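As a plain string of letters, each chain reads:
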Amino acid sequence: MKKRLLMGGAALVLLLSIFAKPASAGEFPRQKLISSKFFNESQMMIVEANGWDTKYAKLSTYEKVNGVWMNVFGDMPAMLGYNGFAQVMKEGGGASPTGIYNMGLGFGWAAKPADSKYPYRQTTSYDYWVDDVTSPEYNKWIYFSGNPYSRWKSFERMNHPLYKYGAVIKYNENPIVAGKGSAIFLHMWKGSTSATAGCVAVSETNMKTLLSWMDSKKKPLIVMGPTSEIDSYLYARNEKLHEIDVMVNGVMQNYDQPAVAIDGRTLAPLRGIGETLGAKVEWDAATETVKAELDGTTVEFKYLSNIAKINGVNKALDSAPISINNRIVVPLRFLSEAFGADVKWDASKNAVVINK
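These figures come from a predicted structure and were not determined experimentally.

Asker: Lay out the overall build of the chain in plain terms, naming residues and giving numbers.
Answerer: Looking only at helices and strands, the chain has six helices and 26 strands in total. The dimensions of the chain, computed from C-alpha atoms along their principal axes, are 75 × 45 × 35 Å. The burial tally for the chain puts 51% of its 356 residues in the buried class. Long-range pairs, those at least 24 residues apart, make up 58% of the contacts in the chain with a sequence separation of at least 6. Only carbon and sulfur atoms are counted for the fraction: they give 50% of the accessible area of the chain, which is about 16,300 Å². Computing the positive centroid from 40 side-chain charges and the negative centroid from 34, the chain places the two 2 Å apart.

The structure is reproduced here in C-alpha cells:
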C-alpha cells in the first residue's frame, strides 16, 4: 500500500503557502528557503543589490550545519560591474551576471592566506585569462610564457593589482559561449565606491576571510542578482537526490517522497515511516512540530531543529528535519531506533532494512 505523508488541513495549507511561490523575507526566512532547496552543497554566498542598475551590493554567507542553513558572517559591502546586474550578459558589457554558480579555484599574486584550506593558485606574469571572443581559448585561464599579443586580441593578466586575492566564479563554463562574458571573479576591490568590469569585489580583509572560510568539500555556491529576484532563483533550484529503498518487516515500502541520502544520512518521510511502524503521528502547524507515539514512547521533532525529544528528554540530531517536495523528512535511524526497531544497511539492495 502506498504511504502518503498526509498532514492535517492546517499543516497542508501552511506548506502550500510556503512552497507555492517564492516567499519574501518577512513571510519565510531565507534560511528556510535555502534548507528546502539545497541539499548537495553546504556553503553559499548571496550577492544582492537594490535594483539592476547599481554598482553597490552586499554579500552574505550561509553554511549548512547538521541539515540547517545558517548565516555565518555579517553582511559584507560589495561592488558590482559599473552597469550593475545584466539580464543578458555580453562581453565588455560592464555588468555582473545573475543566477547561481559554483565557486572555482582561489587565486592571487600574494601567497595563500595561512589559515585557508581552499584550493589556491599563486599567479605569475605568465598567467592570463582570455577574453578574446575569436579565440578557442575564450574564457579560459592559460599559462603562456610567450608574447600574449601574438596569441590573443584581448586578455586579462592574472597578476593584476586587484587580483592580490580572488576566486573564480564558474560563469559561462558549460558550455562556453563566445561573447556571453568572461573572467568573472570574486576579488579584492579598489575601493568601497569603485565599480568592477563585471566581477564582484570586496575589501581585502573580507576577501581573505572568504578564502579562509570556503571549503571545497562543502561545494560553495554564489547566488547573484537584485534582491527582488534572489528568492526566485533559490526557489527554482531543483537538485537530484540519491534515493534509498526502505524495507520494514520484510516489506519494501513505497512512499510518494522516497527516503534520500543527504550528507551521509538517510532521511525519510516521518509519517510514512512512523505509521508503518504502527505509531500515531500528529503535526502541529502552529509550532512546526510533529509527534509520533508508539507503545508508550513519544518522539517529537521540530522542523529545522537539531533537537528532538524522546518522552520529553532532549536528544541531539546529526541532521535536522527538512522539507522535500512538501514532505517532512527526518533521520530514519533515529526515529526507528527510538521505537525499539533494529536498523541495518543492506548495500546489495541499496536499502535500509528495519525490523520491529
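Asker: Can you explain the sheet that holds strand β21 (residues 307–310)? Please cite residues and give values.
Answerer: Strands sit in the order β18-β19-β20-β21-β22 across an open sheet of five strands; the sheet is antiparallel. The open sheet has two free edges, formed respectively by β18 (280–284) and β22 (313–316), since each of these has just one partner strand. Direction aside, the axes of adjacent strands within the sheet are offset by 20 degrees on average. Note: strand β19 (residues 289–294) against strand β20 (residues 297–302), six bridges, orientation antiparallel. Of the residues in β20, the one forming a bridge with leucine 294 is threonine 297.

Asker: Go over the sheet that holds strand β7 (residues 127–130), please, and point to the residues and values.
Answerer: Pairing in this open sheet of three strands is antiparallel, and the strands run β8-β7-β9 from one edge to the other. Either end of the sheet is taken by a strand with one partner, and the two such strands are β8 (141–143) and β9 (155–157). Averaged over all adjacent pairs, the angle separating strand axes in this sheet is 35 degrees, with direction ignored. As paired elements, β7 and β9 share three bridges and run antiparallel to each other. Looking at the pairing, tryptophan 129 lines up with glutamate 156 of β9.

Asker: Describe the pairing of strand β10 (residues 166–169), naming the residues involved and giving the relevant values.
Answerer: Burial of β10 is two-sided: the residues Gly166 and Val168 facing one way and the residues Ala167 and Ile169 facing the other way are all buried. Taken together, the three bridges between strand β5 (residues 99–108) and β10 define a ladder with antiparallel strand orientation. Note on β10: the bridge partner recorded for phenylalanine 107 is glycine 166. Taken together, the three bridges between β10 and strand β11 (residues 185–188) define a ladder with antiparallel strand orientation. Bridged to alanine 167 within β11 is leucine 186.

Asker: Give a description of the pattern of salt bridges that names residues and reports values.
Answerer: Taken as a whole and assessed by the stated rule, the structure comprises 19 salt bridges. Close ionic contact of glutamate 239 with arginine 237 constitutes a salt bridge, the shortest N to O distance being 3.7 Å. For glutamate 275, the salt bridge identified is with arginine 271, shortest N-O distance 3.1 Å. Of this pair, glutamate 275 and arginine 271 both sit in helix α5 (residues 270–276), four residues apart, which is roughly one turn of the helix. By relative accessible area, which is 36% here, glutamate 275 ends up partly exposed. In the salt-bridge network here, residues are joined through shared partners; they are Arg30, Glu48 and Asp231.

About the criteria used
- Residues numbered from 1 in each chain as written.
- Predicted model: local features only at pLDDT ≥ 70, side-chain atom pairs only at ≥ 80, totals over all residues.
- Heavy atoms only, no water.
- Helix = DSSP H or I, 4+ residues; strand = E, 2+ residues; numbered from the N terminus.
- Buried < 20%, exposed > 50% of the residue type's maximum accessible area, 1.4 Å probe, protein only.
- Contact = heavy atoms within 4.5 Å.
- Areas by Shrake-Rupley, 256 points an atom, 1.4 Å probe, with all protein chains shown as cover.
- Lys, Arg positive; Asp, Glu negative; His and termini not counted.
- Charge placed at Lys NZ, Arg CZ, Asp CG, Glu CD.
- Pairing = 2+ DSSP bridges.
- Axes fitted to C-alpha atoms, helices over the stretch in contact; angles between N-to-C directions.
- Salt bridge = Lys/Arg side-chain N within 4 Å of Asp/Glu carboxyl O.

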